[in-house]
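An overview of the molecular structure
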Amino acid sequence: MLSDRSRPVIEATLPVVADNIEEIATRFYAHLFGEHPGLFDGVFNRGNQAEKTQQMALAGSVAVFASSLLKVPEQLPEHLLSRIAHKHASLGITPAQYDVVHDNLFWAIVDVLGDAVTPEVAAAWDEVYWLMAYALINQERGLYSARGVRPETVWREWEVAEKVQETPDVVTFRMRKVDDRLVKSSLPGQYVTVQVPMPDGIRQPRQYSLTRADDGEHRQFSVKRVHGGGKPDGEVSNHLCDRVQVGDRLTMSVPFGDVVLDDSGRPVVFASAGIGITPMAGMLSHLAGAGSRLPVTLLHADADEESFALRDQVLGDLRTLSGGKAHVWFERGTGSTLPTGVHEGVMDLDAVDLPEGAVYYLCGPLPFMKAVRSALVERGVAARDIQYEVFGPDLWQADLATEESPGAAERTGRHAAAVG
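Under an unreviewed UniProt entry, the name given to the protein is nitric oxide dioxygenase, and the source organism is Blastococcus saxobsidens.

Have a look at this one:
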């Protein structure tokens with residue numbers, strides 16, 4: 001809990017910090033990489049840095065955390081912390097790195113706010129930082145322990161056993177272990193971080209959802225080629241799709257991720273768009289392997305049948321489930337050979353019957369998830385029954401939207417995600 005001494009200081013200064021937090025975050029990262037350029041090697045995604053999504057995510061996470069300390073002092077924002085902790089664990093973040101972040105972040109705060117950062121203000125925000133940092137360190141310690149690893153041993157090499165061209169822009173990699181270490185099963189819905197050595201020698205990390213249940217020897221993930229659309233193309237996705245071949249080796253983390261399949265026995269509804277099908281494929285694979293008898297509904301939107309990645313796998317798994325059904329929307333019309341309900345246009349929840357008491361999983365572009373979530377809430381689905389996965393920094397944090405103070409939410413645009 002925030003101390004009585006710091007609380008009024010944070011209340012008084014949160015508006016000005018929130019108004020300047022994105023500039024603080026931008027200068028923080030510039031200073032951090034100037035002082036520690038090695039952090040780009042295997043830890044930070046330089047694509048997110050160039051797009052400034054990581055800066056926005058850091059800005060939001062700090063503002064939301066501070067707002068939560070004021071509004072709900074007896075309870076930390078566990079959803080926010082859990083999402084960050086899983087991302088950090090998948091990168092092998094260590095407690096010592098929080099000291100590095102602290103020093104560079106507070107340099108940036110002073111650089112932006114100047115004389116407004118009195119010793120009293122600095123001490124109060126220092127307390128906020130370490131409350132957040134120690135909460136994350138403790139969660140990450142538990143995540144490492146549960147996986148039987150340390151930060152430096154989250155990594156191991158895997159060999160590309162198969163490379164499958166799913167669509168013109170999506171490639172599936174089926175990886176095979178190359179050592180005798182035990183492969184602990186992933187939870188359905190989790191992801192791995194893949195460290196990819198780039199031509200300039202820098203290893204770039206990317207998280208990819210596991211798209212098939214583990215068998216003890218293999219892991220599978222799918223990669224969508226990122227086209228720049230006037231900006232540089234995605235360096236890692238294009239490298240993987242074009243250059244990595246069967247027999248090559250990649251370094252992958254053990255699985256992490258806080259969006260996992262509910263095991264309470266309730267009906268399940270998956271709603272995805274585009275490459276958002278990947279975590280759904282992993283969860284469906286687990287359900288099919290377990291012979292689940294749950295009512296399972298897949299709702300998927302895509303440009304057309306050719307663009308629907310993993311379609312044979314997910315529809316095949318769905319057909320093995322006695323309670324499985326699917327609805328698919330194609331923007332370019334209903335011409336399709338798929339053995340399922342196909343609709344034209346964008347996803348319309350009014351066109352389908354949804355099971356009572358279901359849990360929902362969303363993944364896809366942010367506007368898609370916002371629209372689907374709003375439609376579900378309007379139909380009476382409780383917010384706690386809707387989970388979502390975001391690829392890259394989480395700039396939404398929908399589950400926190402009703403907990404933030406209105407002013408903080410407006411200033412930060414409801415941004416929140418990993419500190420690293």
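Time to look at the pattern of salt bridges. Overall, the coordinates contain 18 salt bridges when judged by the stated rule. Taken together, the shared-partner salt bridges connect Glu23, Arg27 and Asp111 into one network.

Below, the discussion takes up the packing of aromatic side chains. Taken as a whole and judged by the stated rule, the model has 10 aromatic pairs. Pairing Tyr129 with Trp130 gives two aromatic rings, centres 5.0 Å apart and planes at 85°, and the pair type is edge-to-face. Like Trp130, Tyr129 is buried. Each residue in the set Phe28, Tyr29, Phe33 and Phe44 is aromatic and connected to the rest through ring pairs, giving one cluster. Above the face of the Tyr191 ring, Lys87 is positioned so that its terminal group lies 4.9 Å from the ring centre.

Moving on: the environment of Ala96. Here Ala96 is to be found in helix 5 (residues 95–113). Overall, Ala96 belongs to the partly exposed group, its relative accessible area being 48%.

Grouped together as the largest cluster of nonpolar side chains are 57 residues, with contacts concentrated most on Phe28, Tyr98, Trp125, Val128 and Tyr129. Looking at this core, the elements with two or more residues in it are helix 1 (7–35), helix 3 (53–71), helix 4 (78–90), helix 5 and helix 6 (119–147). The biggest single contributor to this core is helix 6, with 13 residues. Each residue touching Tyr98, except ones within four places of it in the same chain, is listed here: His88, Ile93, Tyr129, Trp130, Ala133, Leu136, Ile137 and Glu140. Among the nonpolar cores identified, the runner-up in size contains 28 residues, and Val259, Ile275, Phe308 and Ala309 belong to it.

Time to look at the sheet that holds strand 9 (residues 324–330). A sheet is described by the order of its strands in space; here 6 strands give the open sequence 10-9-8-7-11-12, paired in parallel fashion. The open sheet has two free edges, formed respectively by strand 10 (341–344) and strand 12 (386–389), since each of these has just one partner strand. Each strand of the sheet is rotated relative to its neighbour by a mean of 15°, with strand direction disregarded. In this structure, strand 7 (residues 268–273) lies alongside strand 11 (residues 359–363), joined through 5 bridges in parallel fashion. Counted as the bridge partner of Ala271 is Leu362 from strand 11.

Time to look at the packing of helix 1 against helix 6. Viewed as axis vectors pointing N to C, helix 1 and helix 6 meet at an angle of 85°, and their least axial separation amounts to 10 Å. Comparing their axes, helix 6 and helix 1 come out roughly perpendicular. Two secondary-structure elements touch here, helix 1 through Val9, Ile10, Thr13, Leu14 and Val17 and helix 6 through Glu120, Val121, Ala124, Trp125 and Val128. In terms of residue class, the contact of helix 1 with helix 6 is built from 8 nonpolar, 1 polar and 1 charged.

Definitions and cut-offs
Residues numbered from 1 in each chain as written. Predicted model: local features only at pLDDT ≥ 70, side-chain atom pairs only at ≥ 80, totals over all residues. Heavy atoms only, no water. Salt bridge = Lys/Arg side-chain N within 4 Å of Asp/Glu carboxyl O. Phe/Tyr/Trp six-rings, centres within 6.5 Å; stacked < 30°, edge-to-face > 60°. Buried < 20%, exposed > 50% of the residue type's maximum accessible area, 1.4 Å probe, protein only. Lys NZ or Arg CZ within 6 Å of the ring centre and 35° of its normal. Helix = DSSP H or I, 4+ residues; strand = E, 2+ residues; numbered from the N terminus. Core = buried A, V, L, I, M, F, W, Y, C linked by side-chain atoms within 4.5 Å. Contact = heavy atoms within 4.5 Å. Pairing = 2+ DSSP bridges. Axes fitted to C-alpha atoms, helices over the stretch in contact; angles between N-to-C directions. Parallel < 35°, antiparallel > 145°, perpendicular 65-115°, else oblique. Nonpolar A, V, L, I, M, F, W, Y, C, P; charged D, E, K, R; others polar.

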